[in-house]
Amino acid sequence: MELSKPFIHLFKNEEKYYIYDVNKNTILNVQKYMYELLDLYMQDETGLPSDKKSEIIQIIKTMRKDGYFSSQRVMEIIHPEDEILEFHLESKVAMISLQVTQQCNLRCEYCVYSGKYTNRIHSNKIMGFATAKRAIDFLNEHSRDMPSVGITFYGGEPLLQFNLIKQCIEYAEKSMEGKHLIFNLTSNATLLNEEIISYFEAHHVYMLISIDGPENIHDRSRKFASGQGSFQTIMNNIKTIQEKFPDYQKNLTINTVINHNSSFSAIDAFFSNCEQVKDIALNVQFVKSGSEDNIYATEKFLAEYNNEMSKLYLSMAGRMEERFISKIVKNKKKGLVDVARKLVPMNCLPEKGHPSGPCIPGVQRPFIDIEGNIFPCERVNESSGIMNIGNIYDGFDINQIRKLLNIGKISEQQCKNCWAFMFCTLCAASADHNNELCPMKKESFCNDVRSYVESLFKDYCALKELGVSFEDDIEI
Amino acid sequence: MSIKKQICVYPFDAQFSPVLRYKELLADLNIVSVVSPPGWGLAGKNAGIADGGGSLDYIVSSDFDAHLERCDSVLYVESINQIDFQSILLPRINRAIDAKKNILCMIPLGEESVAMIQNRCAQSSLLFKNYNKDNDFDYNHGKKAYGRFYINTPVIFVAGLSERAQKFHIQLSLRNNFMKLGYKVSMVGSRKYCEMLGFHSFPEFMFKRDQYESNKVILFNHFIKRIEIDEKPDVMIIGLPGGIDGQNHSARNDFGILSIEIAAAVKPDALVMSLQYNDYSLGYFKQLSDLCKQKFGINIDCFNIANIRTNYENAGLFVHQDYTTLHADFIDRWKYKFKKSDIPLFNMFNTDDAVKMTNCLVNKLSRKNDLGYEIV
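(A) Structural detail: the pairing of strand β9 (residues 270-275) of chain B. All names here are of chain B. With 6 of its 6 residues buried, β9 lies for the most part within the structure. Residue alternation in β9 divides its side chains into two sets, A270, V272 and S274 and L271, M273 and L275, and both sets are buried. Across 5 bridges, strand β6 (residues 155-160) lies against β9 in parallel orientation. Bridged to A159 within β9 is M273. By the bridge criterion, 4 bridges tie β9 to strand β10 (residues 302-305) in an arrangement that is parallel. Bridging from a neighbouring strand, M273 pairs with F303 of β10. Between β9 and its parallel partner β10, the chain crosses via helix α8 (residues 282-296), and the hand of that crossover is right-handed.

(B) Molecular detail of unusual backbone geometry. A cis amide bond links A:G155 with the next residue in sequence, A:G156, at an omega value of 5°. Tracing the backbone through its elements, the reader meets A:G156 in the loop between β6 (148-154) and α5 (162-175). The omega angle of the peptide bond from B:Y10 to B:P11 is -10°, so this bond is cis rather than trans. Tracing the chain through its elements places B:P11 in the loop between β1 (5-10) and α1 (17-21).

(C) Molecular detail of the packing of aromatic side chains. Evaluated as defined, the whole model comprises 41 aromatic pairs over all chains. Arranged with centres 5.3 Å apart and planes meeting at 75°, the rings of A:F87 and B:F330 form a pair that is edge-to-face. With one member in each of two chains, A:F87 in helix α3 (residues 85-91) and B:F330 in helix α9 (residues 328-335) form a pair that bridges those chains. Take A:F87 and B:F330: they sit in the same class, and that class is buried. The interplanar angle of 90° and the centroid separation of 5.6 Å between the aromatic rings of B:F285 and B:F338 together place this pair among those described as edge-to-face. Linking B:F285 in helix α8 with B:F338 in the loop between α9 and β13 (345-346), this pair joins segments that are 53 residues apart in sequence. By relative accessible area, which is 9% here, B:F338 ends up buried. Ring pairs connect the aromatic residues A:F87, B:Y277, B:Y280, B:Y284, B:F285, B:F303, B:F330, B:W334 and B:F338, which therefore count as one cluster. Across from the ring centre of A:Y41, 5.5 Å away, lies the NZ or CZ of A:K5, which sits over that ring. A cation over an aromatic ring shows up here: B:R164 above the ring of B:Y323, its NZ or CZ 4.5 Å from the ring centre.

The rules behind the values
- Residues numbered from 1 in each chain as written.
- Chains lettered and ligands numbered in written order.
- Predicted model: local features only at pLDDT ≥ 70, side-chain atom pairs only at ≥ 80, totals over all residues.
- Heavy atoms only, no water.
- Buried < 20%, exposed > 50% of the residue type's maximum accessible area, 1.4 Å probe, protein only.
- Helix = DSSP H or I, 4+ residues; strand = E, 2+ residues; numbered from the N terminus.
- Pairing = 2+ DSSP bridges.
- Right-handed = clockwise from strand over helix to strand, strands pointing away.
- Phe/Tyr/Trp six-rings, centres within 6.5 Å; stacked < 30°, edge-to-face > 60°.
- Lys NZ or Arg CZ within 6 Å of the ring centre and 35° of its normal.

As structure tokens, this is what we get:
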């Protein structure tokens, strides 16, 4: 009798051989011989000689006695939160991002609104206070089960609408008294002045400031509309904070967008040594792929980056002090800790399930544009009808939200048979194409996702071999 | 007959909802209004929305000062939502005293605050009543008891698999329904202010650290026996604080330690188990009943499915519990698929189910053996 093929993924790291059992959600370290046999079998069993085939069948039977190597798949793709979606939308909205303006005083090369990406472009439109007020009321009405909520001000450059931001903060503090409020702002920091900083300090506003590296690198991409670089203006503003509002510095985070053909070492040295920035928390992103200028990493960049990653791994294994590690790669540790957290052993895949990836649209971080339309987050294409999930006047469009939540349904067979089911990172934004949810567009990202997950698994296994426990950061 | 105090409740949320639903148990209090901080998302809405259990006769207001005029007393209540005492509660206590209103308090207060409020009320000849205080059993503290009494009256345990599983609502419903049937009910509730509802709060000594755990078992047994002797009830209902499930690594339910102690102190004759919502299978209920047989010596007689769901993915080791409130009719629709099974499933927000649960327990407790004899 033919045995069903196990639902597994094989990968190797140098001379170590591993099998990820999808049903058990567990990585097994196996012998080379077993790995090679299974590799042949999983690729094409028909060409195998019968003695090898018998050996493989025996291996599979033995593993199945131990509870591994099941061939079970999820039977129905449906998100586990689907059945109570309406209740999440009713009382679990965690935050709102308010697009207070579509104007910006900079013209950054890689901006998603620069016209090089599939999205809206810069405009003079601004949000009126009536709309902002309604959005805050909307948040109040839909966050009963949340002990705290966030209000983020977004743009364009939100500081162009500082008066509106003040009105919003004061209205929220009054109308949402009793709820713990967290205010955030994403800014290019060129318009900061003492009045603004003082106000933000008094109202505990957290600010995410964009700086891409030392002056020559930052000013390549982040320029005023006049063409002049913005670096010096930002540094002067940060210096003002440090000299006149030193306590406020802890409310700052720097967001850096790294271009792969920049100098890694120069950016690293800047964030490690520059007085204005070295003590501010750093958030790192890489330039979004999919723009008209396809960005490729230089060999030097890759070499320097990989060197720092190796040092990070040594540090996690306790063989190098953390102070020698680049700030740029320190965030990567979280990704690996997340893998460890997600590798919780299971008995088997559930009958009904959905690939990990989508958040609950409208609940985690809904983005509200100047007209009051609601989108799942600020990263989706605002000009796409398919991403519009309602508005602050009529409420959520639950049918549309359900479609975005259950995005795996459009590629059901592929998802059911994908070994990265539990680690997928794709959401509906990956399928957004010409105002439709396009399976082909979504599936075009699948190989990259699987490569990424496999690389995480390899790093995880390598670190486990080095003796890393992934629990050292727990404070007890 | 004393005149009922006209009370405004503040700050109202789902924690007070069971009391509001069974307000007839408040012998000398008449609730005229319920007020919440504006940020709790309840203002202008029917009060029933707080616990998702169906409409109530109150619309929640956020205007505390306007409602001061309609009452003679303010009842400050515990809430699920956290509220800052200094910046929000205390100013409203002071404003109520300034407006010559009695102060009734269910929230835990520090000694300094109690003294301040007491003084201010005394100066204005106002009543200050603090319901949230240790109501320790008056036992001979120094004497170490060795034995447990046999409790002759039928005892019903109301337990929750986890916290926030509607236990208090069930306790009030059962008390109400048993009393309507003419039974005399003695009850020990799972909260601290139960005396205002006409029954006993869970004794504080069970939470104290100056007692051996084994001694707590004896003391609780004596506590229950004292009530049995003094009140001579037809039935006793004991609400078990916390949750009984110690298996879930990411949810703290006191690991079921208290329920083990209570079960060692008093043997239940019937067990009501309340669970938060999840898409349970039939087999799960049987497994849970078997677990309770080991813990309490008794299978589960009635399961209640609460309209709360914990989001375990977010409720980590050092993160607050993350809940979603569902509508009560969602539970009715979900449990319909078990209609043909013999699992005794109930939804306590459904008034028919509430009566059925009471009847189920009455039948269980009054069941004679096959030959019809009784112990004298």
